[in-house]
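Here's the letter readout for the chains.
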Amino acid sequence: MRLAAPAALAAALLLVALPAQGGTRLRPVPILMYHVISSPPAGAPYPDLYVPRSDFAAEVAWLARRGYQAVTLQRVFDSWRGAGTLPAKPVVLSFDDGYLSQVTNALPVLKARRWPGVLNLEVRNLKPVWGIRPPGVRKLLAAGWELDAHTLTHPDLTKVDDARLREEVAGSRDAIRRQFHVQVNFFCYPAGRYDDAVIAAVQQAGYLAATTTRYGLARANELYTLARVRVNRADGARGLAAKLEALSP
């Protein structure tokens, strides 16, 4: 029988203690999911994962006009447990994998508004020239971004053995903490793939919550399967607006 890690157990206990209808304190929060912030090169295998910088800037401007304010996932979690507050219309802007464009293109747009982002870092992307590289991560941290784990090598965690699962989940947290001296309280499932064993490994590693690719708003009673809103290349500000307005309570 596996025992929950202290941090995971604390997260579970806080939900037991909270009322079923928590009002504004437990209100759902949109977590946007971005990848590369640039135009796709010719022959890019997944062009929908690219959002041009101009479109990203327009989307952020739309969010600001509609009263949204970017926050970290930690701030959302703290609010849910009664240890902090959120603005009237919070939104989390998460960026998966770790691409150089997240520093060169996303950071200036958010920094101009003093908005943080959340980087879900795949550790091996610290090395290639197109990857984010350690100095880039430090720039994000200096601007108030949150740094979370997205495994070491981005495998399908539902298809690896127990030792590899622990290495990818707990090992990525340890590696990021050693290099950047941050908490790394949250995990992001690669390609949104998870099952009961993967969730148990995330809990054992001490993460407070985890994000998925499941579409929707993030809710306090789904800490280890938090939904997100994927932002695709074709969306633009109008498409993002349609998604968020359809999801609004």
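Above: the structure in question.
Criteria and cut-off values
- Residues numbered from 1 in each chain as written.
- Predicted model: local features only at pLDDT ≥ 70, side-chain atom pairs only at ≥ 80, totals over all residues.
- Heavy atoms only, no water.
- Core = buried A, V, L, I, M, F, W, Y, C linked by side-chain atoms within 4.5 Å.
- Buried < 20%, exposed > 50% of the residue type's maximum accessible area, 1.4 Å probe, protein only.
- Contact = heavy atoms within 4.5 Å.
- Helix = DSSP H or I, 4+ residues; strand = E, 2+ residues; numbered from the N terminus.
- Lys, Arg positive; Asp, Glu negative; His and termini not counted.
- Salt bridge = Lys/Arg side-chain N within 4 Å of Asp/Glu carboxyl O.
- Polar contact = N/O pair within 3.5 Å; in protein donor to acceptor, adjacent residues only side chain to side chain.
- Expected span 1.5 Å × (residues − 1).

By size, the foremost hydrophobic cluster in this structure holds 70 residues, and its most contacted members are Leu-32, Tyr-34, Phe-56 and Leu-93. If we skip the residues at most four places from it in the chain, Leu-93 touches Leu-32, Tyr-34, Phe-56, Val-60, Leu-63, Ala-70, Leu-110, Gly-117 and Val-118.

With that settled, consider the side chain of Asp-97. Structurally, Asp-97 is set in strand 3 (residues 90-97). Despite its burial, Asp-97 pairs with no opposite charge; the closest candidate is Arg-228, at 8.0 Å N-O. Within polar-contact distance, the side chain of Asp-97 engages the side chain of His-150 at 3.1 Å. Contact partners of Asp-97, with chain neighbours within four places excluded, come to His-35, Asn-120, Leu-121, Glu-122, Asn-125, His-150 and His-154.

Let's shift gears to the pattern of salt bridges. Counting across every chain of the model gives eight salt bridges. The partner of Arg-124 in a salt bridge is Glu-122, and the shortest N-O contact between them spans 2.3 Å. Assessed through its relative accessible area of 5%, Glu-122 is described here as buried.

Taking 1.5 Å per residue, twelve residues should reach 16 Å; helix 8 (residues 236-247) reaches 17 Å between its end C-alpha atoms and fits that length. Turning to helix 8, its buried residues are Gly-236, Gly-239, Leu-240, Ala-241, Lys-243 and Leu-244. Elements in contact with the buried residues of helix 8: strand 1 (31-34), helix 2 (53-65), strand 7 (209-215) and strand 8 (226-230).

For helix 2, spanning 13 residues, the distance from its first C-alpha to its last is 18 Å, which sits close to the expected 18 Å at 1.5 Å a residue. Along helix 2, the positions that sit buried rather than exposed are Phe-56, Glu-59, Val-60, Ala-61, Trp-62 and Leu-63. One or two positions beyond helix 2, positive phi appears at Gly-67, with a value near 90°.

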